[in-house]
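# Residue-level structure breakdown
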Amino acid sequence: MCHIAITAKSNDSFRPDIAVYINGTQVHLEPSGYLPQARSTTNNYIGKSNWSNVDSQYELKDELFSGKLFDFRMYKTVLSEEKLKKTISWGMNKLGIR
């Protein structure tokens, strides 16, 4: 099992720091990351952007997600490291992984 979390690290609503965690360990921090400047978005994808499609002629066209997901979540607030660790523990217990 691989647990991946992407979360804001600050409450800056325009350019928050964005952190990437793998199995509870922070592996990347993007200072002043970019978020869409819209109140809401209507076309949201995993493994695909809003700027191209599978028929795209671009050399680096998007690859669509191919795999399985367990427990996909989204939050309106910054995800604390404590909450992240509790989420990982919950998932491992649910799957019977120690």
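Preceding this section is the structure that the text describes.
Positions within a chain are numbered from 1, following the residues in the order the chain's sequence is written. Local features in a predicted model are, by the rule used here, given only for residues with pLDDT of at least 70; side-chain atom pairs are given and counted only at 80 or more, and totals for whole chains, interfaces and linings are based on all residues. The side-chain figures draw on all heavy atoms in the structure; neither hydrogens nor water molecules are used.

### Let's talk about the pairing of strand β1 (residues 4-8)
Covered by surrounding structure in β1 are A5 and T7 only, the residues I4, I6 and A8 on the alternate face being uncovered. When DSSP finds two or more bridges between two strands, those strands count as paired. In this text, helices come from DSSP runs of H or I with a minimum length of four residues, and strands from runs of E with a minimum of two, each type numbered from the N-terminal end. Pairing geometry for β1 and strand β2 (residues 18-22), over five bridges, is antiparallel. Looking at the pairing, T7 lines up with A19 of β2. In this scheme, a residue with accessible area under 20% of its type's maximum is buried, one over 50% is exposed, and one in between is partly exposed, where area comes from a 1.4 Å probe on protein chains only.

### Quick look at helix α1 (residues 81-95)
Taking 1.5 Å per residue as the helical rise, α1 with its 15 residues ought to reach 21 Å, and the 21 Å between its terminal C-alpha atoms agrees with that figure. Burial in α1 covers these residues: L84, T87, I88 and G91. Looking straight down α1, one finds its buried side chains confined to an arc of 95°; they lie on one side. Away from the buried face of α1 by more than 90 degrees, exposed residues E82 and K86 are located. Residues count as neighbours in contact if any of their non-hydrogen atoms are within 4.5 Å of one another. Buried-residue contacts for α1 involve β1 and β2. Backbone geometry just after α1 places G96 at a positive phi near 75°. One less than the number of residues in a helix, times 1.5 Å, gives the span that helix is expected to have. When we speak of the arc, we mean the arc of directions from the helix axis to the C-beta atoms.

### A word on a nonpolar patch on the surface
A contiguous nonpolar patch, built from M1, F70, W90, L95 and I97 and spanning about 470 Å² of accessible area, is present on the exposed surface. Relative to the helices and strands, W90 is located in helix α1. W90 sits in the partly exposed class, given a relative accessible area of 36%. Within the patch definition used here, like charges are joined within 9 Å and nonpolar side chains (Val, Leu, Ile, Met, Phe, Trp, Tyr) within 5 Å, considering only residues with over 30% relative accessible area and no salt bridge. Note on areas: Shrake-Rupley with a 1.4 Å probe; residue coverage comes only from the protein chains shown. Whenever a carboxyl oxygen of Asp or Glu lies within 4 Å of a side-chain nitrogen of Lys or Arg, that contact is scored as a salt bridge.

### Observations regarding the pattern of salt bridges
Under the definition given, this model contains two salt bridges. Between E81 and K9 there is a salt bridge, with the nearest N and O atoms lying 3.4 Å from each other. Taken together, the residues span a long stretch of sequence, with E81 in helix α1 and K9 in the loop between β1 and β2 at a distance of 72 residues. A residue is classified by how much of its surface remains accessible, and E81, at 38% relative accessible area, is partly exposed. The class for K9 is partly exposed, based on a relative accessible area of 35%. The closest approach of N and O atoms between E82 and K86, which form a salt bridge, is 3.3 Å. Taken as a pair, E82 and K86 lie in helix α1 at a separation of four residues, close to a single helical turn.

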